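An overview of the molecular structure
As a plain string of letters, each chain reads:
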Amino acid sequence: MIPYGRQDIQPPDIEAVLEVLHSDFLTQGPMVPRFERAVANKVGAGHALAVNSATSALHIACLALGLGEGDWLWTSPVTFVASANCGRYCGARVDFVDIDPRTYNLCPEVLEKKLSEAEKAGRLPKVLVAVHLCGQPCDMQAIHALGQRYGFRIIEDASHAIGGKYQREYIGSGRYSDITVFSFHPVKIITTAEGGMALTNDETLATRMNLLRSHGVTRDPELMTQEADGPWYYQQVELGFNYRMTELQAALGVTQLERLDDYVATRNRLAERYDALLAELPVITPWQHADSYSGRHLYVIRLDLEAIWTSHCQVFEALRERGIGVNLHYIPVHTQPYYRALGFTPGDFPEAERYYAEAISLPLYPTMTEAQQDEVVKALRQSLEAA
Ligand SMILES: *Cc1c(COP(=O)(O)O)cnc(C)c1O
């Protein structure tokens, strides 16, 4: 089976993790701050907070931005459920903004229209989660301008997008958002097994997220709200969680990060090779915005269903039967049972649903060989022909 994604673990990764195992600290040592500084320096962010998953990072990002009961969080329906769930964790209501049919990211024009209606109804969002699907950045300049006009805060869910660029700057620089979140799950671009990070240029947000990831407890006298009893004293100033990353994970992250640019370059080279190999087939290959350099976490094709005699489901199954680990990213979040129970129904976001009816993620990972890629293309050609 050729998987749709796969981590790359090299000898320096293993050595780095072993070194931590032999050291004094398995958690709360020097490696997490080192990984944080390395990522912050790489992408040009002021502050970075490593946590145990991107889901945790999204949660504390929402809390730091003050999201709570009675507020709205908006995001794209074509994303992993975590981009929406973070709003629900905070007791907020969630709504979606339909996608742009070319980029599959949330569409700024649809957003603008929805905002002007929401303003009249008095239910503007407090937080917008902009998801860089497949690694291609959203139109952040347009989204940021709308944020200024309508007063919402912006989280970039860049789980797919570390190492990519928007307007020639690394994603995570925070030029057009309040907080950016990365995921280090093994299928993503670099890995710490499980892991995530929240980046911001706002010191107040960084301080809040730092408290929230570790029980809301501090030893910093400046953050204490009542007087210290003695030198042993720590204080819980709000309700936080244990979302900490371990030293083992951070060590892995440091060595993985050194290969980030190579990984993204290889992903882009393979993606462009797919584009060329698939040019004659009845599929739509991923359109790329000229202002962006995608992290290329996923390579999603859309079937031209009018041009073929077989169904989306049949093509998907035929590929799996031929040993190609295809996947579908994503089932529109609003059609999940949990979200239907909150009042959403199929038909609510037609572009997202059209995308879902045609999309297939082909295997793409940095150690994929051209021979494997040729095998994928051959299997796809056969699967499209099968009736
Ligand atoms: C993977 C992913 C997440 C969650 O990441 P975890 O690190 O597994 O919690 C969130 N959003 C998107 C878009 C993702 O792809």
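Here we summarise the structure given alongside this text. All figures in this text were calculated on a predicted structure; none of them were measured in a lab.

**What to know about helix α4 (residues 82-89)**
Taken across its eight residues, α4 has six buried, putting it largely inside the fold. A82, S83, A84, N85, C86 and G87 are the residues of α4 that are buried. On its buried face, α4 sits against α3 (54-64), β2 (72-75), β3 (93-96), β4 (127-131), β5 (153-157) and α11 (337-340). Just downstream of α4, G91 is the residue with a positive phi angle, here 80°.

**Brief notes about α3**
With ten of its eleven residues buried, α3 lies for the most part within the structure. Taken residue by residue, α3 has A54, S56, A57, L58, H59, I60, A61, C62, L63 and A64 as its buried positions. Put simply, S53 is the residue that caps the front of α3, since its side-chain oxygen is 3.3 Å from the backbone nitrogen of T55. Downstream of α3 by one or two residues, G66 has phi in the positive range, about 85°.

**Some thoughts on the site of the ligand**
What surrounds the ligand is a group of 15 residues, the closest being T55, D157, H160, S183 and K188. Within the side chain of D157, an N or O atom sits 2.7 Å from a nitrogen atom of the ligand. Here H160 contributes a side-chain N or O atom positioned 2.7 Å from an oxygen atom of the ligand. Listing elements by their share of the shell around the ligand, those giving two or more residues are α3 and α4. Here the shell around the ligand is composed, by residue class, of five nonpolar, eight polar and two charged.

**Here's the deal with the sheet that holds strand β6 (residues 165-166)**
Spatially, β7-β6-β13 is the arrangement adopted by the three strands of the open sheet, whose pairing is antiparallel. Edge positions in the sheet fall to β7 (169-170) and β13 (292-293), since each has one partner strand and no second. As judged from the two bridges shared by β6 and β7, these two strands associate in the antiparallel manner. Residue pairing in the sheet places K165 in a bridge with Y170 of β7.

**Some thoughts on the packing of α3 against helix α7 (residues 203-212)**
It is the contact of α3 with α7, at a shortest axis distance of 9 Å, that shows an interaxial angle of 125°. In this view, α3 runs oblique relative to α7, as classed from their interaxial angle. Handedness of the α3/α7 crossing: right-handed. On the side of α3, the interface is formed by I60, A61, L63 and A64, while α7 contributes L205, R208, M209 and L212. The class makeup of the residues in the contact of α3 with α7 is seven nonpolar, no polar and one charged.

**A few points about the packing of aromatic side chains**
Using the criterion set out here, one finds eleven aromatic pairs in the structure. Centre to centre, the rings of Y104 and Y355 are 4.8 Å apart; their planes meet at 55°, and the pair counts as tilted. Residue Y104 is found in the loop between β3 and α5 (108-121), and its partner Y355 is found in helix α12 (residues 350-358); the two are separated by 251 residues along the sequence. For Y355, a relative accessible area of 0% translates into the label buried. Among the aromatic residues, ring-to-ring pairing joins F96, Y338, Y339, F344 and F349 into one connected group. Directly above the ring of W287 sits R102, whose terminal nitrogen or CZ lies 3.9 Å from the centroid.

Criteria and thresholds
- Residues numbered from 1 in each chain as written.
- Predicted model: local features only at pLDDT ≥ 70, side-chain atom pairs only at ≥ 80, totals over all residues.
- Heavy atoms only, no water.
- Buried < 20%, exposed > 50% of the residue type's maximum accessible area, 1.4 Å probe, protein only.
- Helix = DSSP H or I, 4+ residues; strand = E, 2+ residues; numbered from the N terminus.
- Contact = heavy atoms within 4.5 Å.
- Polar contact = N/O pair within 3.5 Å; in protein donor to acceptor, adjacent residues only side chain to side chain.
- Near = heavy atom within 4 Å.
- Nonpolar A, V, L, I, M, F, W, Y, C, P; charged D, E, K, R; others polar.
- Pairing = 2+ DSSP bridges.
- Axes fitted to C-alpha atoms, helices over the stretch in contact; angles between N-to-C directions.
- Parallel < 35°, antiparallel > 145°, perpendicular 65-115°, else oblique.
- Left-handed = near helix turned anticlockwise from the far one by under 90°.
- Phe/Tyr/Trp six-rings, centres within 6.5 Å; stacked < 30°, edge-to-face > 60°.
- Lys NZ or Arg CZ within 6 Å of the ring centre and 35° of its normal.

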